[in-house]
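# Working through the structure, step by step
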Amino acid sequence: MSQVNHWIAGINAVSAAIAHDAEHVREVLLESGSRNPRIGDIETAARQAGLEVRRVSQQALEGIAGGLRHQGAAARYAAAKTLDERDLPGLVDAAEGRALLLVLDGVQDPHNLGACLRSAAAAGATAVIIPKDKAVQVNATVRKTSAGAADRIPVVRVTNLARSLRELQQAGVWLYGLAGEAKATLHATDLRGNVALVLGGEGDGLRRLTREACDQLLTIPMPGADASGGVESLNVSVAAGVALFEAVRQRAAG
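Residues numbered from 1 in each chain as written. Predicted model: local features only at pLDDT ≥ 70, side-chain atom pairs only at ≥ 80, totals over all residues. Heavy atoms only, no water.

## A few points about the environment of Gln-137
- Considering the arrangement of structural elements, one finds Gln-137 in the loop between β7 (127-131) and α6 (140-146).
- Taking C-alpha positions, Gln-137 is 7.6 Å from Pro-110, a pair spaced 27 residues apart along the chain.
- Of note is the side chain of Gln-137, whose polar atom sits 3.1 Å from the backbone oxygen of Pro-131.
- Within the local environment of Gln-137, its side chain forms a polar contact with the backbone oxygen of Ala-135, the two atoms lying 3.0 Å apart. (Helix = DSSP H or I, 4+ residues; strand = E, 2+ residues; numbered from the N terminus. Polar contact = N/O pair within 3.5 Å; in protein donor to acceptor, adjacent residues only side chain to side chain.)

Here's what the structure looks like:
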C-alpha cells in the first residue's frame, strides 16, 4: 500500500509509534518548556531512533492536534493509504481461501472504530470494510484508539456497501451478519474459509439492505441475558472482538 502523512497526538500514541514503528515516524514535535518528564523521555527515544525532533509552542501543537488532547507531543506519521472497493478482489485472492473480513455498517463512534481495528489487526484479519458515507472515517482519534492498528491492517472504504457485499459473495466469500434476534449462533457456525463478519452501527444495527445481503444472520450467545429475562446487546467493538476470535479459534483447530 502507498502511504500518506498524518499527525498523531498524545504522549502514549507518540511513544508507541517511536517504540514500535519508528520507521514510519517522519518528525516529532514537543511542547517548548514542558516540565513533564515523559516529554523528555519521548525526546530521548526519538533522538536515539534517529528521528527529527522540534520544540514548538503549545498553540502550534493545538493546531496540529485538531482538538485531540496532545499532552505536549505530536508526530507526523507516514500511514498506510486507505483502500477502496477496487482493491477487494486482490485482497481476497491473496488470502488463498482463508480471507477473514470485518465489515462495519455505519459505526459512528471513532473510539469504537479504533477498537474494532485493533481487534481485527490482532486477529490477523484480511481487511476491515467501512462505508464512505454515514460512518466515521479513519481520523486522528481512530488512529490513537487503535494503538497503531489503523496503519497495520487494510481499511477499505466503499461507496455502496450492499453492492460490495454482493461482489464479495460472487468472489466466494460467505457473509455472516450479527443480529441479536438471529436463531443460529456464532459458535455453531463454520467460520473457516472465506468469511466476512458483518456488524451494524451503535444505534440501529444492520441496515435493511446490508441485512438482506448477508447469507445468514448469527447471534452471540449471552447466558446472562437469558437468565435476567432482558434483552442485552454488546458494544460493537466487543462484538467484533468476540466474532473475530471465534473465527481465529476455529481456524486454529482446523
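Moving on, there is more to tell.
## Some words on the sheet that holds strand β12 (residues 216-219)
- Here we have eight strands laid out as an open sheet, ordered β5-β8-β7-β6-β11-β9-β12-β10, and parallel in their pairing. Edge positions in the open sheet fall to β5 (83-84) and β10 (184-185), since each of these has one partner strand only.
- Inspection of the sheet shows strand β9 (residues 174-178) paired to β12 by three bridges, in the parallel sense. Among the inter-strand pairings, Gly-177 is bridged to a residue of β12, identified as Leu-217.
- Lying on the sheet, helix α7 (residues 161-170) is in contact with β6 (100-105), β7, β8 (155-158) and β9; it crosses β6 at an angle near 160 degrees.
- Taken strand by strand, helix α10 (residues 236-253) contacts β6, β9 and β11 (195-200), and its axis lies near 165 degrees from that of β11. (Pairing = 2+ DSSP bridges. Contact = heavy atoms within 4.5 Å. Axes fitted to C-alpha atoms, helices over the stretch in contact; angles between N-to-C directions.)

## Side note on the environment of Ala-60
- Counting through the fold element by element, Ala-60 comes out in helix α3 (residues 58-65).
- A relative accessible area of 32% means that Ala-60 is categorised as partly exposed.
- The sequence separation of Ala-60 and Glu-31 amounts to 29 residues, and the corresponding C-alpha distance is 8.6 Å. (Buried < 20%, exposed > 50% of the residue type's maximum accessible area, 1.4 Å probe, protein only.)

## Things to note about the pairing of β6
- Of all six residues making up β6, six are buried, and the element is well covered by its neighbours.
- Neither face of β6 is left uncovered, since the one carrying Leu-100, Leu-102 and Leu-104 and the one carrying Leu-101, Val-103 and Asp-105 both have all their residues buried.
- Across six bridges, the pairing between β6 and β11 is parallel. Counted as the bridge partner of Asp-105 is Gly-200 from β11.
- As paired strands, β6 and β7 are joined by three bridges and run parallel to one another. Within β7, the residue paired with Val-103 across the bridge is Ile-129.
- Assessed by its sense of winding, the connection that carries the chain from β6 through helix α5 (residues 110-122) to β7 is right-handed. (Right-handed = clockwise from strand over helix to strand, strands pointing away.)

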